[in-house]
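Structural description and commentary
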Amino acid sequence: MSRRRHSDDSDGQPHKRRRTSEPSEIEERLESLICRVGEKSNSSLESNLEGLAGVLEADLPNYKSKILRILCTVARLLPEKLTVYTTLVGLLNARNYNFGGEFVEAMIRQLKECLKVNMYNQAVHLVRFLSDLVNCHVIAAPSMVAMFENFVSVTQEEDVPQVRCDWYIFAFLSSLPWVGKELYEKKDAEMDRLLSQTESYLKRRLKTHVPMLQVWTADKPHPQEERRDYQSAFETMCYPEYCKHDCSLQVPVYLDCLWSQIQKLKKDRWQERHILRPYLAFDSILCEALQHNLPPFTPPPHTEDSVYPMPRVIFRMFDYTDDPEGPVMPGSHSVERFVIEENLHCIIKSHWKERKTCAAQLLSYPGNNKIPLNYHIVEVIFAELFQLPSPPHIEVMYTTLLIELCKLQPGSLPQVLAQATEMLYMRLDTMNTTCVDRFINWFSHHLSNFQFRWSWEDWSDCLTQDLEKPKPKFVREVLEKCMRLSYHQRIIDLVPASFSVLSPANPVCMYKYADESNRSLPGYTVALCLTIAIKNKASNDEIFGILKDVPNPNQEDDDDEGFSFNPLKIEVFVQTLLHLAAKSFSHSFSALAKFHEVFKTLAESDEGKLHVLRVVYEVWKNHPQMIAVLVDKMIRTQIVDCAAVANWIFSSELAHDFTRFYVWEILHSTIRKMNKHVLKIHKELEDTKARLARQHKRRDSDDDDDDDDRSTDREDGPLEEQIERLQEKVESAQSEQKNLFLVIFQRFIMLLTEHLVRCETGGIDVFTPWYKSCIERLQQIFLQHHQIIQQYMVTLENLLFTAELDHHILAVFQQFCALQA
């Protein structure tokens, strides 16, 4: 290739310059050719592969290392084209045996490196790639079986986390759709033994963690829900014991589902009908090639730094009855379902940063005329969006991706998406609260891109239910979110008048000193004076002077008040200031900045901080977004601290809104701010230590600097002092962080215990909508901040989640502990 380009493309440029620029051009072209093979083309895939193999073979003498690097990279990062690249490697191996051996060795090195740095998702792709090389006659089947034997042997290790065993079993089982037939033909006895050992492991495997990761709870449906409409389809899918066909909406554990799929594949004699296998066209060439044995591979031992993927549940929405007119959807226990879902997940992972490319790639999935592709795509996207503890990508990506898909398939995909939305709505009663939050965010954002059009009358059943039930709460929160993305009057005009009870309140400021009829309220006169002073651009000192005369209801007349906690003083000042700054977020921010000193003085004590938050809520109770924004700003400016926000959220004053979406937005935002604060200080400490280490290294390498110890001390002194100060700051910040989690979990325990005692005493059912929301919010705290909370597990177990705690609450902690056990 390089010689041809040199002779054909002479353009009169100096020969020396062409020689220096040509290698980089050729390398870029090689990378482009390899990465683009398998995409839509006028030529057949087989001819493209054969042509590319010829090009690469010609360039192997000069660019072998580059070709090896590219092929190893695409094997790891483009798993949706796995069989395309294994075929390419097979053709190269048939032409150049040594290159095939070097590639296999490079793949094993890359696999070991991925496992070493905890890149387990990419390691799965590498294992799958290696296994498919058996089909291409690159790797000998016995050596692949030997590697899988080492994988399965991990289940016999002692004192290792279950998630470690899970990963190696998953890596083994998930490769069998590609290579199971070939391995069974060559090594049936060994494969039977491996499958038997796998079954034994799955039977003894603990599943304590499963309830924390489920999208739906396992309540049984009512008998009337067994009809075949949207709701009955959902109920039947969700609860397989009521199912007359092969469908299961939520298989408890992904390994159990995969095991069932592999068992069915084995029963079908390892015949599957969906994996693209281009190497079959080259069988006469590949079968003549010499095969390689894999180098001995021992799974790296478990260490404290090992971080394995969390277990998960399988999310399903559709079965073959949901699209009766189109192609039949594979059953939930068929391996084709697994292969399709895996490939769609891989496409999203490869292209998620470019929504247009991602949508186009999903819709051009091979074999799309043989399956109900739109249903599979929607199901996979929602599976990722609702994945616990967190989606693989940012939530807004899924919204933009679905919008793009609707644009590309306007005649079919919007209908499937509407059907899915209806199904999700029908199952809200048993849906995990965290997933409901994501459903609210997605649906409101989606509506905002389609002029907020929706057939709200179809959901009028929620109007006859208790407003605390999931369906009316969902509609209320969606309309609230829609208002954030539009304005109040538009939302009121769009929804039917019958939905007024769920429509958002007019987001106006509730200033209690505005009406003259309230002149008898304590502080009314002072509020008027403050209004005039602030309008006249009064200074902080002038404001202090006006507030000085406000009596303290918590203090005796003869006490020296000073500026200690005075609830009335805080109420008058905060009410008046927020009222005057109510025009916009910017006005409110400016007011907080201008009178920051007054806020800091009034809210000096813990009670003062708590009361500031109470007053903010009183003023803006009809405008949840303003509350969230103001609380965020007050934390940033240190008017209030994170612990005060946590205590306020669990206070009796906020009990009415305790289950509202915005309250938990505020709490999670508060926790994230605390976590970022700790990380920031810790990074400063590590950077300073690194600077000191570099300083020592430079001095050690300087031969002339070995006779002046006093100079050394002068240079190190400032940095060492800075390190000491930063260490103190880190310890203080970590103490605050631990205290924040202790406050949150303690308040959860108090609220839930009170509820349980009240229900037991009154003979009331414990499982109320409030209880479901509260217990799942507790789970949400654990899941969303699991990496931080794990640092304080011993403290939490010793102080709060003790054996004496009610089993309903303790179960959540035990489920969390089991996630990485």
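Small disclaimer: the values here were computed from a predicted structure and weren't measured.

1. Regarding the packing of helix 25 (residues 567-580) against helix 28 (residues 606-620)
The geometry of helix 25 relative to helix 28 is characterised by a closest axis approach of 9 Å and an angle of 40° between their N-to-C directions. Relative to helix 28, the element helix 25 is oriented oblique. As for how helix 25 packs across helix 28, the hand of that crossing is right-handed. Facing Pro567, Ile570, Glu571, Val574, Gln575 and Leu578 of helix 25, the residues of helix 28 in contact are Gly608, His611, Val612, Val615, Val616, Glu618, Val619 and Trp620. Here the residues of the contact of helix 25 with helix 28 are counted per class, giving nine nonpolar, three polar and two charged.

2. Description of the confidence of the model for the protein chain
Across the protein chain, pLDDT averages 88, with 90% of residues at or above 70. Between residues 1-21, whose pLDDT stays under 50, and residues either more than four places distant or in other chains, the model counts 19 contacts. Note that residues 219-252 has pLDDT below 50 and, in this model, 79 contacts with residues that lie over four places away or in other chains.

3. So, the nonpolar core
Counting residues in each nonpolar core, the largest one holds 175 residues, and the members touching the most others are Phe382, Phe474, Phe573, Trp648 and Phe801. If we skip the residues at most four places from it in the chain, phenylalanine 801 touches Phe745, Ile749, Phe782, Leu796, Ile809, Leu810 and Phe813. With 93 residues, the next largest nonpolar core counts Cys114, Val145, Leu255 and Tyr279 among its residues.

4. Side note on the side chain of histidine 611
Position of histidine 611 relative to the elements: it lies in helix 28. Among the polar contacts made by the side chain of histidine 611, one reaches the main-chain carbonyl oxygen of proline 567 at a distance of 3.2 Å. Excluding residues that lie within four positions of it along the chain, histidine 611 makes contacts with Phe565, Pro567, Ile570 and Glu571.

5. Concerning unusual backbone geometry
With omega at 10°, the peptide bond leading from leucine 388 into proline 389 counts as cis. Position of proline 389 relative to the elements: it lies in the loop between helix 17 (373-385) and helix 18 (395-408). You will see that phenylalanine 452, though not glycine, has its phi angle at about 60°, which is positive. Examined against the element boundaries, phenylalanine 452 turns out to sit in the loop between helix 20 (433-448) and helix 21 (470-484). With relative accessibility at 5%, the residue phenylalanine 452 sits in the buried group. Although it is not a glycine, glutamine 638 sits at a positive phi angle of roughly 65°. Relative to the helices and strands, glutamine 638 resides in the loop between helix 29 (624-636) and helix 30 (642-649).

6. Here we look at the environment of tryptophan 770
Among the secondary structure elements, tryptophan 770 is positioned in helix 33 (residues 769-784). Separated by 302 residues in sequence, tryptophan 770 and glutamate 468 place their C-alpha atoms 7.4 Å apart. Those residues in contact with tryptophan 770 that lie beyond four places of it in its chain are Phe658, Thr659, Leu751, Leu752 and His755.

7. Let's talk about the pattern of salt bridges
Counted by the stated rule, this structure contains 33 salt bridges. Close ionic contact of lysine 203 with glutamate 199 constitutes a salt bridge, the shortest N to O distance being 3.9 Å. With lysine 203 and glutamate 199 both in helix 10 (residues 188-204) and four residues apart, this pair spans about one turn of that helix. The class for lysine 203 is exposed, based on a relative accessible area of 66%. Note that arginine 277 and glutamate 272 form a salt bridge whose closest N and O atoms lie 3.1 Å from each other. Classification of glutamate 272 by relative accessible area gives buried; the value is 12%.

Definitions and limits used
Residues numbered from 1 in each chain as written. Predicted model: local features only at pLDDT ≥ 70, side-chain atom pairs only at ≥ 80, totals over all residues. Heavy atoms only, no water. Axes fitted to C-alpha atoms, helices over the stretch in contact; angles between N-to-C directions. Helix = DSSP H or I, 4+ residues; strand = E, 2+ residues; numbered from the N terminus. Parallel < 35°, antiparallel > 145°, perpendicular 65-115°, else oblique. Left-handed = near helix turned anticlockwise from the far one by under 90°. Contact = heavy atoms within 4.5 Å. Nonpolar A, V, L, I, M, F, W, Y, C, P; charged D, E, K, R; others polar. pLDDT = per-residue confidence, 0-100. Core = buried A, V, L, I, M, F, W, Y, C linked by side-chain atoms within 4.5 Å. Buried < 20%, exposed > 50% of the residue type's maximum accessible area, 1.4 Å probe, protein only. Polar contact = N/O pair within 3.5 Å; in protein donor to acceptor, adjacent residues only side chain to side chain. Salt bridge = Lys/Arg side-chain N within 4 Å of Asp/Glu carboxyl O.

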